[in-house]
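# Coordinates in review
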Amino acid sequence: MMSSEYHTPNIKQQIEQSLSHIEMVQLPTNAFQENYDISLSKNDELVQPEMLFPATNGRRFTSRHYKVYNWIEYSVSKDEIFCFPCRHFFANIIASGKTAGNLCFVNYGSKCKNWKEQTLSLNNHQRYKELNIYERSIGCYHMENSNTESLASEIIKIPSINKLDIMNCIGQCYDGASVMSGQYSGVQERIRSKVPHAIYVHCYDHRLNLCLVQTLQNIPYLCNFFNTIQNLYKSLINGQTRYKLFVRAQKDKQIPVIYLERLVETRWPYWYKSIQKVNMRFIEILEVLSILSHQGDQTARAIGILNEISNISFIKISHAMEILLQTIHCASVELQGASIIQSSAVNLLQNKNRNIQKMRSDTFWDKINNSAKLVAEKNEIVYENNSRNRRPVRLNKNLQDYFVQSTIGQGTFENNSNTSIENNLPLTNLKIIFYTAIDG
């Protein structure tokens with residue numbers, strides 16, 4: 001029987017049938033420079049074409065290897081496979097896809113000749129890549145100057161002092177300050193000029209914190225709420241006499257002494273812990289403020305803060321925000337873990353979003369109402385809303401046939417910056433405010 005290898009019509013027919021259902025693969029920009037038809041930089045995607053691969057000694061490469069070895073790329077022109085991470089992130093890299101040496105999978109691809117040896121080579125290379133990652137702190141250093149040149153030179157000097165090779169650095173992560181992240185003369189760019197493969201990443205946890213803080217600060221009622229929390233910290237912690245009074249109020253009840261936290265925009269955990277501690281010591285805070293409202297050098301301030309927090313609206317929103325911020329805080333802590341990987345981070349954030357959306361329900365808000373009612377009754381705070389219902393405003397009939405661009409006195413609830421928390425807002429409005437924070 002004649003082998004199909006020598007039966008030209010059958011081979012041509014096989015190729016045409018194979019190509020008929022294959023998706024076209026778009027290669028990266030300038031893909032064929034220097035005979036490369038694979039990725040040219042770390043910003044390109046892995047090139048993993050689906051096709052009828054050429055046979056060598058009766059054996060051929062298969063696209064199933066992409067699932068087993070998801071780090072490989074296949075060069076059609078060379079019939080070779082390469083390692084994407086090693087080509088673009090190897091320590092002694094001198095240019096994109098080039099290293100100072102002669103390494104398989106990096107400088108040259110692995111030939112598809114003997115697939116038993118090839119599989120062994122792939123497995124060995126993959127085991128080499130599957131190393132445990134440990135996070136260690138080198139130290140904390142005081143900087144006399146905080147300009148880009150001083151910071152960059154110090155960062156470059158520190159590894160050599162600790163007998164580390166700066167060329168082994170594959171990444172750098174800072175906050176978004178221009179002195180660190182500037183693309184022309186920032187610290188990250190100065191380091192990249194010496195270590196080209198040290199990619200810069202704006203800290204994802206820091207970005208999450210900034211995003212959440214800005215979202216809450218754009219809701220005027222919540223902005224006032226957090227201002228009250230901050231004023232409470234300043235009133236009870238910053239003054240030595242008031243601080244001792246707050247500590248003594250806790251010791252007299254033989255409960256653990258808790259110190260209030262201040263709010264810091266770039267430190268999200270402080271926002272959660274601040275509300276948590278206020279709720280934990282709400283009774284003691286009321287007692288201390290009641291004393292300070294009759295004695296001391298800041299009686300007016302104590303009376304103002306006491307009025308702000310001694311109402312059911314403050315209690316409801318503080319309990320609701322504690323649960324919301326706790327969910328976000330847990331995700332934020334996990335994102336800072338040394339062992340976190342991208343897939344785990346994505347799943348973590350998706351679960352966080354699902355948990356937050358569950359708070360957008362009447363069931364959740366009923367629990368908040370019940371817990372707030374218990375706190376109010378325990379501290380003799382009026383639970384019912386005493387707000388006077390406004391008379392409905394009707395449009396002036398004389399203006400019905402006109403297009404009016406300015407206000408005509410129709411009363412609506414507006415969350416402006418002058419709105420005080422002491423105003424007992426209707427339950428529905430508090431719920432809308434909380435839902436706005438969730439949707440943001």
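Here the structure is a predicted model, which means the values were calculated and not measured.

Before going further, it helps to examine the pattern of salt bridges. Side chains that carry opposite charge are capable of pairing whenever their charged atoms lie near each other. Tallying each qualifying case throughout the model produces seven salt bridges. Where Glu-154 meets Lys-157, a salt bridge forms, and the shortest distance between an N and an O atom there is 3.4 Å. Highlighted residues: Glu-154 and Lys-157, both in helix H5 (residues 148-161), separated by three residues, approximately one helical turn. In this structure, the salt-bridge partner of Asp-362 is Lys-431, at a minimum N-O distance of 3.1 Å. Residue Asp-362 is located in helix H16 (residues 362-378), and its partner Lys-431 is located in helix H17 (residues 427-439); the two are separated by 69 residues in the primary sequence. The structure contains a network of salt bridges with shared partners spanning Lys-253, Glu-284 and Glu-287.

It is worth spelling out the nonpolar core at this point. In terms of nonpolar packing, the biggest core is built from 58 residues, with Met-321 and Phe-434 touching the most fellow members. Filtering out sequence-adjacent residues up to four positions away, Phe-434 remains in contact with Ile-317, Ala-320, Met-321, Leu-324, Met-359, Phe-364 and Trp-365. With 13 residues, the next largest nonpolar core counts Phe-53, Tyr-66, Ile-81 and Leu-122 among its residues.

What follows covers the packing of aromatic side chains. Overall, the coordinates contain 12 aromatic pairs when judged by the stated rule. The interplanar angle of 15° and the centroid separation of 5.0 Å between the aromatic rings of Phe-61 and Tyr-74 together place this pair among those described as stacked. In this pair, Phe-61 is assigned in the loop between strand E2 (59-60) and helix H2 (65-68) and Tyr-74 in strand E3 (residues 72-75), connecting sequence segments 13 residues apart. What makes Tyr-74 buried here is its relative accessible area of 0%.

With 14 residues, helix H8 (residues 204-217) ought to run about 20 Å at 1.5 Å a step, and its terminal C-alpha atoms sit 20 Å apart, in line with that. Taken as a whole, H8 has its buried residues at Asp-205, His-206, Leu-208, Asn-209, Leu-212, Val-213, Thr-215 and Leu-216.

Further remarks concern the packing of helix H9 (residues 220-237) against helix H13 (residues 299-309). At a closest axis distance of 11 Å, the pairing of H9 and H13 adopts a crossing angle of 140°. Compared by their axis directions, H9 and H13 come out oblique. Considering the relative orientation of H9 and H13, their crossing is left-handed. Taking contact as the criterion, the partners of Thr-228, Asn-231, Leu-232, Lys-234 and Ser-235 in H9 are, on H13, Arg-301, Ile-305, Glu-308 and Ile-309. In terms of residue class, the contact of H9 with H13 is made up of three nonpolar, three polar and three charged.

Here we come to unusual backbone geometry. In the Ramachandran plot, Lys-163 falls in the positive-phi region, its phi being about 60° despite a non-glycine side chain. Its location among the elements puts Lys-163 in the loop between H5 and strand E8 (171-174). For Lys-163, a relative accessible area of 78% translates into the label exposed. One non-glycine residue with positive phi stands out, namely Gln-254, at about 55°. In this structure, Gln-254 sits in the loop between helix H10 (240-251) and helix H11 (268-280). According to the relative accessible area criterion, Gln-254 is exposed, its value standing at 74%.

Okay, the side chain of Asp-37 next. Relative to the assigned elements, Asp-37 resides in the loop between helix H1 (8-20) and strand E1 (55-56). One buried charged residue, Asp-37, forms no salt bridge at all, with the nearest opposite charge on Lys-78 at 7.8 Å. A polar contact of 2.7 Å, which involves the side chain of Asp-37, links it to the side chain of Ser-75. Among the polar contacts listed, one links the side chain of Asp-37 to the backbone nitrogen of Ser-77, at a separation of 2.9 Å.

Our focus in this paragraph is the pairing of E3. Burial along E3 is two-sided: the residues Ile-72 and Tyr-74 and Glu-73 and Ser-75 are all buried. Across four bridges, the pairing between E3 and strand E4 (residues 80-83) is antiparallel. Across the sheet, residue Ser-75 finds its bridge partner in E4, namely Glu-80. Where E3 hands over to E4, the hairpin turn is made up of four residues, of which Asp-79 adopts a positive phi near 55°.

A separate point is the environment of Glu-265. Mapped onto the secondary structure, Glu-265 falls in the loop between H10 and H11. A sequence separation of 55 residues divides Glu-265 from Leu-210, and the C-alpha atoms of the two residues are 6.9 Å apart.

Rules behind the numbers
- Residues numbered from 1 in each chain as written.
- Predicted model: local features only at pLDDT ≥ 70, side-chain atom pairs only at ≥ 80, totals over all residues.
- Heavy atoms only, no water.
- Salt bridge = Lys/Arg side-chain N within 4 Å of Asp/Glu carboxyl O.
- Helix = DSSP H or I, 4+ residues; strand = E, 2+ residues; numbered from the N terminus.
- Core = buried A, V, L, I, M, F, W, Y, C linked by side-chain atoms within 4.5 Å.
- Buried < 20%, exposed > 50% of the residue type's maximum accessible area, 1.4 Å probe, protein only.
- Contact = heavy atoms within 4.5 Å.
- Phe/Tyr/Trp six-rings, centres within 6.5 Å; stacked < 30°, edge-to-face > 60°.
- Expected span 1.5 Å × (residues − 1).
- Axes fitted to C-alpha atoms, helices over the stretch in contact; angles between N-to-C directions.
- Parallel < 35°, antiparallel > 145°, perpendicular 65-115°, else oblique.
- Left-handed = near helix turned anticlockwise from the far one by under 90°.
- Nonpolar A, V, L, I, M, F, W, Y, C, P; charged D, E, K, R; others polar.
- Lys, Arg positive; Asp, Glu negative; His and termini not counted.
- Polar contact = N/O pair within 3.5 Å; in protein donor to acceptor, adjacent residues only side chain to side chain.
- Pairing = 2+ DSSP bridges.

These figures capture arrangement, not role.
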